[in-house]
Amino acid sequence: MRNTTDFSPLYRSFIGFDHLAGLIDKASQPGKQSSYPPYNIELLAENQYRITMAVAGFSEEDIDIESKDNGLTIVGTKQTTANPQQDASKSPRQFLHQGIAERNFERKFQLGEHVKVIGAFMENGLLHVDLEREVPEALKPRKIAINGKSLLNGALKS
C-alpha cells in the first residue's frame, strides 16, 4: 500500500514551487534503486560539498561525469577488449571468491539551485566530485541604509 500526499493546498499559497512536489513524489516512489556503487555526500564548508564514490576496478577513462539542468549523472562503463586474439592468449580469470563488483553503473543526483560541479578526481579507488553553491550577488541579503529622505525624485513631497 502506497501512501500518497495531496499537495493541492500548497498550490493555493505557493507560486512556482510545483516542481518540489514532483521531486518529493519521485523520491518517495518505492522503485528499485541500486546501491552500487556505494557513495558518501559530505559537507565540506557552508557552500561546498563532495560526493565520494567507491569505484574499485574503474579507471578515469571508464567514468563519464555530466552536469545538466540541476542534475549530475555519473556513468561507469568497463571497457571491453577490442582484440579477440588478445583475449584468447590470456588465460581466463578464475575466481575463488569475487567480492569486487566491476559492473557498469549509472548514478544520478539532483542538485539544488546554484550548485555547480567544480571538479572531480580519483584517488585510491575513490572518485571525488566537488560541488559548490554559488549564490548570485542579486540574491544575497543586503543591508538597506536609512538616510532620512527618498532617493526617488518627487516620490515623497512634504
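Since the model is a prediction, treat every value here as computed from it, not as a measurement.

Participant: Talk me through the environment of Glu134; I want residue IDs and the actual numbers.
Facilitator: One can find Glu134 in the segment after strand E7 (126-133). Sequence separation between Glu134 and Glu113 is 21 residues; the distance between their C-alpha atoms is 8.9 Å. Excluding anything up to four places from it in sequence, Glu134 contacts His114 and Lys116.

Participant: Go over the sheet that holds strand E6 (residues 115-123) with me, naming the residues and quoting the values.
Facilitator: What the four strands build is an open sheet, ordered E1-E2-E7-E6; its pairing is antiparallel. The sheet is open, and its two borders are formed by strand E1 (39-45) and E6, each paired with just one other strand. Geometrically, the sheet is characterised by an average inter-axis angle of 20 degrees between neighbouring strands, direction not taken into account. Examined bridge by bridge, strand E2 (residues 48-54) and E7 share seven bridges and lie antiparallel to one another. Counted as the bridge partner of Thr52 is His128 from E7.

Reading guide: rules and limits
In this convention, every chain numbers its residues from 1, walking through the sequence in written order. For this predicted model, a pLDDT threshold of at least 70 governs which residues receive local features, and a threshold of 80 or more governs which side-chain atom pairs are given and counted, while totals over whole chains, interfaces and linings are taken from all residues. For the side-chain quantities, the full set of heavy atoms in the structure was used; hydrogens and water were omitted. In this description a helix means any DSSP run of H or I spanning at least four residues, a strand means any run of E spanning at least two, and both kinds are numbered starting from the N terminus. Contacts are residue-level and defined by heavy atoms, with any inter-residue pair within 4.5 Å sufficient. Any two strands are treated as partners once DSSP identifies two or more bridges connecting them. Note on geometry: axes are C-alpha line fits, over the in-contact stretch for helices, and angles between N-to-C directions span 0 to 180 degrees.

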